[in-house]
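Below are the chains, spelled out letter by letter.
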Amino acid sequence: PDNRRPHALVQAPPARVTGQIVAIIRALRPQVVLTFPPYGGYGHPDHIRVHETALAAFHAAGNPAQYPEQVAAGLAPRTPAKLYYGTVGPALLRLALVVIRLSGRNPRRFGENGDVNLVRALHRLTPVTTVIGSGPYLARKDAAWRCHRSQLGPQARLLALRPALRRRLAGNEAFTRAIPPWPGGRRERDFWAESRGRGA
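About the cut-offs
- Residues numbered from 1 in each chain as written.
- Predicted model: local features only at pLDDT ≥ 70, side-chain atom pairs only at ≥ 80, totals over all residues.
- Heavy atoms only, no water.
- Helix = DSSP H or I, 4+ residues; strand = E, 2+ residues; numbered from the N terminus.
- Buried < 20%, exposed > 50% of the residue type's maximum accessible area, 1.4 Å probe, protein only.
- Contact = heavy atoms within 4.5 Å.
- Areas by Shrake-Rupley, 256 points an atom, 1.4 Å probe, with all protein chains shown as cover.
- Salt bridge = Lys/Arg side-chain N within 4 Å of Asp/Glu carboxyl O.
- Phe/Tyr/Trp six-rings, centres within 6.5 Å; stacked < 30°, edge-to-face > 60°.
- Patch = residues over 30% accessible without salt bridge, like charges linked within 9 Å, V, L, I, M, F, W, Y side chains within 5 Å.
- Pairing = 2+ DSSP bridges.
- Axes fitted to C-alpha atoms, helices over the stretch in contact; angles between N-to-C directions.

Topic: the overall build of the chain
For step 1, the next point in the chain: Within the chain, the regular secondary structure consists of 8 helices and 4 strands.
For step 2, the next point in the chain: For the chain, the N- to C-terminal ordering of α and β elements is α-β-α-α-β-α-α-β-α-α-β-α.
For step 3, the next point in the chain: Taken over 200 residues, the chain has a buried fraction of 34%.
For step 4, the next point in the chain: Here the contacts in the chain between residues at least 6 apart in sequence split such that 73% fall between residues at least 24 apart.
For step 5, the next point in the chain: About 12600 Å² of surface is accessible on the chain, with carbon and sulfur atoms providing 57% of the total.

Things to note about the pattern of salt bridges
A side chain with one charge can pair with a side chain of the opposite charge if their charged atoms come near.
For step 1, the next point in the chain: Taken as a whole and judged by the stated rule, the model has 5 salt bridges.
For step 2, the next point in the chain: For glutamate 188, the salt bridge identified is with lysine 82, shortest N-O distance 3.7 Å. Residue glutamate 188 is located in the loop between strand 4 (172–179) and helix 8 (193–197), and its partner lysine 82 is located in strand 2 (residues 82–87); the two are separated by 106 residues in the primary sequence.
For step 3, the next point in the chain: The class for lysine 82 is buried, based on a relative accessible area of 4%.
For step 4, the next point in the chain: Taken together, the salt bridges that share partners define one network made up of Lys82, Arg177 and Glu188.

Looking at the packing of aromatic side chains
For step 1, the next point in the chain: Scanning the entire structure with this criterion turns up 3 aromatic pairs.
For step 2, the next point in the chain: Relative to phenylalanine 191, the ring of phenylalanine 175 lies with its centre 5.3 Å away and its plane at 65°, an arrangement referred to as edge-to-face. Residue phenylalanine 175 is located in strand 4, and its partner phenylalanine 191 is located in the loop between strand 4 and helix 8; the two are separated by 16 residues in the primary sequence.
For step 3, the next point in the chain: You can call phenylalanine 175 buried: its relative accessible area is 11%.
For step 4, the next point in the chain: Chaining the aromatic ring pairs together yields one cluster made of Tyr84, Phe175 and Phe191.

Structural notes on a nonpolar patch on the surface
For step 1, the next point in the chain: Judged by side-chain polarity, Val88, Leu92, Leu95 and Val99 come together as a nonpolar surface patch covering roughly 330 Å² of accessible area.
For step 2, the next point in the chain: Positionally, leucine 95 belongs in helix 4 (residues 90–102).

Quick notes on the sheet that holds strand 3 (residues 130–133)
For step 1, the next point in the chain: Strand order across the open sheet formed by 4 strands is 1-2-4-3, with mixed pairing between neighbours. Looking along the sheet, the strands with just one partner apiece sit at the ends: strand 1 (32–35) and strand 3. In this sheet, adjacent strand axes meet at a mean angle of 35° when their direction is disregarded.
For step 2, the next point in the chain: Judged from the 5 bridges that link them, strand 2 and strand 4 form a sheet pairing that is antiparallel. Paired with tyrosine 84 across the two strands is arginine 177, which belongs to strand 4.
For step 3, the next point in the chain: The strands that helix 2 (residues 45–60) touches are strand 1, strand 2 and strand 4; relative to strand 2, the one it contacts most, it runs at about 165°.

Below you can see the structure in the form of structure tokens.
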């Protein structure tokens, strides 16, 4: 029901949201853009809208004919080099499904409102092409996570794990390289491995 409220992101006009993201790209001039995958991770309508508008903004930001009022205001066009989706490995999600079933819960009706279908999320996963170690920043990540109680849910138990186990389970971030498409082979260990290989 919250998704039908007028202030929900999914209710905002997509062109307006895309324009706002284009303005951010032109102002900050990032080399890499990170966003949700097409299914939004687990099907959340706001996450799907973020994917749609971030992808549209990635393509529009370098075109001066798109949102020309921004260019007139001094925001120069900018095309980032790469776009990635946040993702998880299928083995991790399959393990979560087993644990959820063993605890007597239905993974097709998961979450606080019973509206998350984790089985569908497993089938909609994008491949892991890039794994970046985030262990040194785990405490900062956990502190940020705790600031958003609505984001914790059942995952709050992860924060109570012993630090060594917590680092092992959450010490890496996984991504899918969408643009330019990942050529296959070894997984990237950072966003610039391919560029460095060419002497950049």
